[in-house]
Structures are given as structure tokens and as C-alpha cells.
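Take a look at the letters that make up each chain.
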Amino acid sequence: MTKKTDCVAMLLAGGQGSRLGVLTKNVAKPAIPFGGKYRIIDFPLSNCVNSGIDTVGVLTQYQPLVLNDYIGSGQPWDLDRMNGGVHILPPYQQIKGTDWYKGTANAIYQNISFIERYNPEYVLILSGDHIYKMDYAEMIEYHANHNADCTIAVLEVPFEEAPRFGIMNTNDDNSVYEFEEKPPHPKSNKASMGIYVFNWLQLKKYLIEDEQNPESDNDFGKNIIPAMLKDQKRLFAYPFEGYWKDVGTIDSLWDANMDILNPKIPLELDDPTWKIYARTQAYPPHFVTRDATVQNSLISEGCFVAGKLLDAVLFSGATVEKGAVVRDSVIMPGAKIEAGAVVQYAIVAENAIVKKNAVIGGRPEESEDLESWGIVTIGPDYIVGEGEIVPPKAMLGNG
Amino acid sequence: MQSRNILGLIFCNSGDEMLPELTSVRAIGSVPFGCRYRLVDFSLSSMVNAGISKVGLITKRNYQSLADHVGNGRPWDLARKNGGLSILSPYVFGGTGLYTGRIDALSGCMQYLEKSREEYVVLTNANIIANVDFDAMIDQHLALNADVTIAYKKGLQGSKYLKMDGDKILEIASKEEAGTDNCYIDLFLIRRELLISMIKEAAVHNYTNLTEDVLKRQVKSYNYYGFGIDGYVRIIDGMQSYFDGNMDLLHKSVRDQLFKMDAPIYTKLRDDMPSRYGFDSGVADSVIADGCVIEGEVHNSIIFRGVTVEKGAKLENCIIMQSGVIHANAQLSYVVADKNVSIKEGRTLMGCKTFPMVIGKGLTV
């Protein structure tokens, strides 16, 4: 047994992210590129390091290759440590047999022995599909100060959006008396962010009990939290203020990328005290030619820009040729927009090519039918032919 | 990529005196270049890309900045148990003071040279901007059974040229004497044992100049071959060549020759966010690194990481190093601003093409 660790973070990164369609065909959701040079998982990983948490288990299951490769030794996040560090935890064969992770709670249950190696006081449960900056150390301190068994981070959302979330109904002291999953008539607007701090010994007990219940979905929100509430355990809501976005859909992924361009939205990625780290390739600086016009856009290393950008996020190594127009769009690493093409309200995935004069997507204000309007998604490596027209909301991918 | 039986040595202070504007605070090897690099990155990366996994950086003075830049060598994959990166700090012999030339410098790291087990050594100067294909150079050296292989670049301006017969070097001489345009480059490959014996002998004779006193003298005694470097080469030997070398990056062909996907130039990471462009930005023909905020106009310029160009500011033919801030409505033309320079609102600074204005590190104008 190694030195006692205060807190082990367990990052749930096994979700398929099926609502992201072609984007998650070959990669797990946490490995999806975000914000010009990052991937989604960089946010929880960087938050861990910045919060002083240096032992992180990343639970993978769906399409883990890219994610495994990306995390590697954990060095870009300073998580290659003598004790602790980052560990990839896929399901593995045990004496009693092999199981895929059946639910979020089961995933942790299957890794009890990993957590025990560090003998932690607390376990922090994180999701690999949220964009936010948060000091987990403050949350753990809050948890300890409230002598809580479980603390759940909550964000106040507009009441009309509350039915989309798991809602915590709390007393005045922020103690939780009820948890409602997607309530049609919410009593509170405190939405669970899917971030939990547990006393490890308590959690372990509940995980073991939950596993013995064949009826259980083995899910934190559906099973563990209700079981603890039933036993009148001390559950507290930790109010979070700041930017937080679940990027589980094409629309929210696009929105979150556009949010970086909005100076009014407090997701400073350039805060020197809270850097977001990423594994990067050795790209040269980017080049902008005299033919280019660039307005309110983000450009990463290795890009070549000769066209017109307005409200665009260009990822590393992307190319926008002369005469091409990219507006309100997300162009992922290595993608190429050829001369004369027009890309609007779209996500163009890694290494996709939009050939000359193709027209991708359209503007909502020019759309006759807003119902059928939406963000276009061009999948990884997909080639949109010369002059091809791709209507709004389309999703194109290989295979 | 196979591992090579070759030791790399880079002289990181050779040429300091030719670029005093930027080397008063650092060794020439750590002079910033090309938006996100330091000069030494080019030699280091070329070596690593050829499978060289042990490199010594020979230093003389002001090398804190270099040491900080290279760290433990990880960005170049040189944080190794065996070999990896070493900074060979100056070794002062009793009473003689700091070394005067490259022979002294090599004598100073004789222990490192003797303890190394690599059969060959490649030596280069940090002020050479090129993505050298050391693989090809080594292959040629072995194929021709050469004792010494010296790099040259056709058509480059320099003080020494190689008179050759085929690949064989007959003489290292002035351009007139050599009668060719094969410009000598301070980059050569040699058997380690031979280098050690040449250095020891030169030291006995109190020679100081590696090229003049050793390489040139021995041309007749050993098998010397020339290796022509394909692609872009620029020697940084003064402010003009520094300025022009940076400006060369505005040409796609130069960028393509230096920055190859299969042989990248590595550098220390800064974990900046991508660069942000404002609504009123006007950028034309400029190379820009990550972490910048561009709200003004930038033409024909080289912008390093974390630079801010405020609204109404206008840059033409400028080099603005890391974390510089150009405040609103300032106008700069042919200016080289060292790291952390701040240009106050509305100031106008004009240099000219043949005499760029240099603003020292950390200054506020």
C-alpha cells in the first residue's frame, strides 16, 4: 500500500455519446476535439491537476483507442507521478467472470480494488463530457466542513430547462431531501452536474449493496443517491457558479465552441492560474494571408487561412483556402475547406475535406422552415464533393 | 525510426557576439525565432528526427535561459535514462578562464566525449536554421566510408567554401580559391575517437579555431566528404540575418521546408489557448503563434506566443516576441521587440529594412 491519498478522482469516460452521431463513431465522447486545441477530457483532467488531485482513474469502455493514446502517461497534464498519476481503467476479467461496465456505479464497483490501493478519505466522481472550470478542492473542503456523506455539485438553471436535468431539492442549509431525475414539474432549479464527492467507506458500502440488487441500474443518479437519501445520509448540494456545459449533443457541442468566442461568457481559457492542458502535436505557428479576413474567430497552430472567417473556431492544422467562407462553424483538426466553399452553422470533423465551391449548411434567418434547420455535421475524414450542397441539419459520415 | 549510434553536440554560444542586441540576456541557442521556437530547436529536432537520442548542449555564458528552455529535454523526447539531453556547462581549467574557441570548449567536455559510447559524433552550431536530414548525412558518411563529412549549402553566402571532386572535399577555402558556391556550414560528422584525438592534438598546439586549425589542416590526411543540405538554410550571424530569417517564414516554400509533418520542429510547450481575433482585426501575410489576442492590424509580421495587439494598433514588418503588448493606436514598422515589451498607446516606432529597431527585453516604450 502506498502513502495515504486524500482523494482519488474517478472519471467516467466510457459513454458512447450516441447523440453525437458520426463524431463518436470511432472515438469515445471525452476524446472529441473542443475549443481549437483541446479535447473534452482536458477539462476534468486539468481541473483535477489545478485542484491538487494527482490520482485519477479514467474509466473507459466504448472505443477507447484514441482516448488511451491521448492520455498516455498523463504527462501533458502533469499526471505522470511517482505515486498516483492517471490510470486508464477498462473493464477486466475477474475470477467471477467478465462484465462490461453496466452503469456508472457498477464501473466504480468494478474498480474498488484500484481505489483501495490509495486508501483515500474521499472519492470524487467526474464525467468526461462537460466543459467547465472548477476547483474540486473547494468542493471537497465544503464536503468535509458539512460533515457530509455525499456532496453533489449543482448549478442553478432556468426553471424552464430544469426538466432536462437531475434536480436536487434542498433545505435552506443546502442539505438534499429529494432527488428527481428530469422532473416535469421541478420544485427546484438546482441541477446536478454529475460531480460527486463521497466518503469512500460509505460509497464502498453502497456500491456493494447496489451490486447485490439485481433490479438496480447500477447508476449514481438512479440508485446510489436515492438509496443514501432513503437511509437519511447527509447529502449536500454544492452550489457552483460559473460556466458549465454538457456537450452531449451536436447543438450543445457547437454552442460551447461558440461560447469561447463570446467575451460575455466566463470561460476564460487563458487564465494563467487555471490553465487547460492538452496533448498537442508539434505544429508550426499559423499563417494568415493577405486574402484573408478574420473576425471574431479562434485560430490554432498549424492553420492556414486565406479565406473569410467570421465567428469560426479553427482547430490545429485546419486549412481555409482563398475565397472560402466559414461562418458560425467549428472546423476540427486537419480539416480542409477548399476555395470558394461556404460553410455555415456546421461542425466539420477531423481531416474532413470540403471540396471547391461546396455549400454546407445555412443561416437560420434565411431558412424558410426553422423546424428543419439545424447544425450540419460532417464526420471525420468525410469528403464533401466539389459544388455539392449540404442542407442545414444534415449529418454526413463515412460508413 | 531506428536509434542511431551517434552523439549530437550543439555549440549554443557560437555567434553570441554577432547578435548582441538579443544575446546580452541569453545564449544564441535560446534566441527566440519564428513565433514559438528558439534557435537551438532546429538542430535539436533535426537530430532527434534522425534517431539521435543523446545530445550535449555546449554552453559558455548566460545559459540560464537555455537551461530553462530545454529543461529535462522532454519536448524533444530526450528525457531518457540512457543518453538524453545534457547541458555541458563551461569547464574552467586552472587559471585560464572561460574558453576562447570551440577547441577549448570540446576539451572542456572531454570527459563527456570519452565516456560516451557512440561511435560517431555530429557537431553543429545553434545558429543554423535548417531542418537537416541527418539520416541522409549519416547514410552517406557510412556508404562512402568517410572520416569526416562536412555539410555545405549551394549558393549560400558565407566566408568559406568547399572545393570538391564529386562528393570528396579537396580543400576548405575562400570562395575565389575554392571556385565553387558550395558554402561551408559549421556542421560535421566524425568518428568519436578521431574527434578526440584531433582535439587533444590541437590543444597541445594551443589551437583555438576548430575550422581553421583542425578541419582545414587535416583535409589532406583524412577522407573528407561534403554533404549538400537540401532545402532552406539560414545562418543567424547578425541582426540583419536574424530579421531576414524570420521574414523568410512569410513564404510558404520556406515554411514547408522547415516545418514538415514527418520531421517536426519541437519546442517547449506553453499550454496557451488558440489565438483570438477580434471583430476589427486586419491580418495579412503574417505568422502567428498560439495565445495571441489580435484586435489591430498586422502585416508581414512574426507574432510570438501570448502577444496582444490592441484595436487601432498597426504593425508592419515587425517581430514581436513572447507576451508583448502593443497598445491601442500604436504604429510599428520594422521593429524587433524582445520578450515582454510593452508599447504604449499611440506611439510610433519606425525602423527600416536594413536597420530594424530593436526594443530590449521587458522594456516599456
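Up top you'll find the structure we're talking about.
Each value, and the rule that gives it
- Residues numbered from 1 in each chain as written.
- Chains lettered and ligands numbered in written order.
- Predicted model: local features only at pLDDT ≥ 70, side-chain atom pairs only at ≥ 80, totals over all residues.
- Heavy atoms only, no water.
- Helix = DSSP H or I, 4+ residues; strand = E, 2+ residues; numbered from the N terminus.
- Buried < 20%, exposed > 50% of the residue type's maximum accessible area, 1.4 Å probe, protein only.
- Contact = heavy atoms within 4.5 Å.
- Areas by Shrake-Rupley, 256 points an atom, 1.4 Å probe, with all protein chains shown as cover.
- Lys, Arg positive; Asp, Glu negative; His and termini not counted.
- Charge placed at Lys NZ, Arg CZ, Asp CG, Glu CD.
- Buried area = accessible area lost by both parts, 1.4 Å probe.
- Salt bridge = Lys/Arg side-chain N within 4 Å of Asp/Glu carboxyl O.
- Pairing = 2+ DSSP bridges.
- Axes fitted to C-alpha atoms, helices over the stretch in contact; angles between N-to-C directions.
- Left-handed = near helix turned anticlockwise from the far one by under 90°.
- Nonpolar A, V, L, I, M, F, W, Y, C, P; charged D, E, K, R; others polar.
- Core = buried A, V, L, I, M, F, W, Y, C linked by side-chain atoms within 4.5 Å.
- Arc of directions from axis to C-beta.
- Polar contact = N/O pair within 3.5 Å; in protein donor to acceptor, adjacent residues only side chain to side chain.

J.: Can you explain the overall build of chain B? Please cite residues and give values.
T.: Helix and strand counts for chain B come out as eleven helices and 28 strands. Expressed as lengths along the three principal axes of its C-alpha atoms, the size of chain B is roughly 65 × 45 × 40 Å. Burial statistics for chain B: of 365 residues in total, 58% are counted as buried. Residue pairs in contact within chain B that sit at least 24 positions apart in sequence constitute 58% of those at least 6 positions apart. For chain B, the exposed surface amounts to about 14400 Å²; the carbon and sulfur share of it is 46%. Across chain B, the 40 positively charged side chains and the 42 negatively charged ones have centroids separated by 4 Å.

J.: Account for the interface of chain A and chain B, with residues named and values stated.
T.: Of the residues lining the interface, 35 residues belong to chain A; the matching set on chain B comes to 32 residues. The contact between chain A and chain B buries some 2800 Å² in all, and 53% of this surface belongs to carbon and sulfur atoms. By the criterion of area lost to chain B, the three top residues of chain A are Pro285, His286 and Phe287 of chain A, representing 21% of everything that side buries. Counting across the interface, chain A meets chain B through five salt bridges. Measuring nitrogen to oxygen at the nearest pair gives 3.3 Å for the salt bridge that ties Arg74 of chain B to Asp80 of chain A.

J.: Break down the pairing of strand S11 (residues 190-199) of chain A for me, citing the residues and quoting the values.
T.: Looking along a regular strand, one sees the side chains alternate between the two faces of the sheet. Residues and elements named next belong to chain A. In terms of residue burial, S11 counts as a mostly covered element, since ten of its ten residues are buried. Sheet analysis places strand S8 (residues 150-156) next to S11, joined by six bridges and oriented antiparallel. Paired with Val154 across the two strands is Ser192, which belongs to S11.

J.: Any details on the packing of helix H6 (residues 200-212) of chain A against helix H7 (residues 220-230) of chain A? Residues and values, ideally.
T.: Residues and elements named next belong to chain A. Put simply, H6 and H7 touch, their axes get as near as 10 Å, and they point 115° apart. H7 is crossed by H6, and the crossing has right-handed handedness. Counted together, Leu203, Tyr206, Leu207 and Asp210 of H6 and Phe220, Asn223, Ile224, Ala227 and Met228 of H7 form the full contact between these two elements. In terms of residue class, the contact of H6 with H7 is built from seven nonpolar, one polar and one charged.

J.: Mind laying out the sheet that holds strand S21 (residues 314-316) of chain B, listing which residues take part and the relevant values?
T.: Residue and element names in this part refer to chain B. Ordered by their spatial adjacency, five strands build an open sheet running S15-S18-S21-S24-S27, and the pairing between neighbours is parallel. The outermost strands of the open sheet, each flanked by one partner alone, are strand S15 (282-284) and strand S27 (348-350). Neighbour to neighbour, the strand axes of the sheet diverge by 5° on average, direction disregarded. The sheet contact formed by S15 and strand S18 (residues 297-299) spans three bridges and is parallel. Counted as the bridge partner of Ala284 is His299 from S18.

J.: Any chance you could break down the environment of Tyr120 of chain B for me, citing the residues and the numbers?
T.: Within the element layout of this structure, Tyr120 of chain B appears in strand S6 (residues 120-125). C-alpha separation for the pair Tyr120 of chain B and Val70 of chain B, spaced 50 residues apart in sequence, amounts to 23 Å.

J.: So, the nonpolar core: which residues are in play, and what are the values?
T.: Side chains of nonpolar character tend, in soluble globular proteins, to be buried together. Residues and elements named next belong to chain A. Membership of the largest hydrophobic core comes to 78 residues, with the highest contact counts inside it found for Leu45, Met134 and Ile195. For this core, the element with the most residues is helix H8 (residues 250-261), which contributes seven residues. Each residue touching Met134, except ones within four places of it in the same chain, is listed here: Asn47, Ser51, Met139, Ala153, Met193, Ile195, Tyr238, Phe240 and Trp274.

J.: Residues and numbers for helix H5 (residues 136-145) of chain A, please.
T.: Residues and elements named next belong to chain A. Restricting attention to buried positions, one finds in H5 the residues Tyr136, Met139, Ile140, Tyr142 and His143. On an axial view of H5, the arc spanned by its buried residues comes to 155°, and they lie on one face. The N-cap residue of H5 is Asp135: its side-chain oxygen and the backbone nitrogen of Ala137 are 3.0 Å apart.

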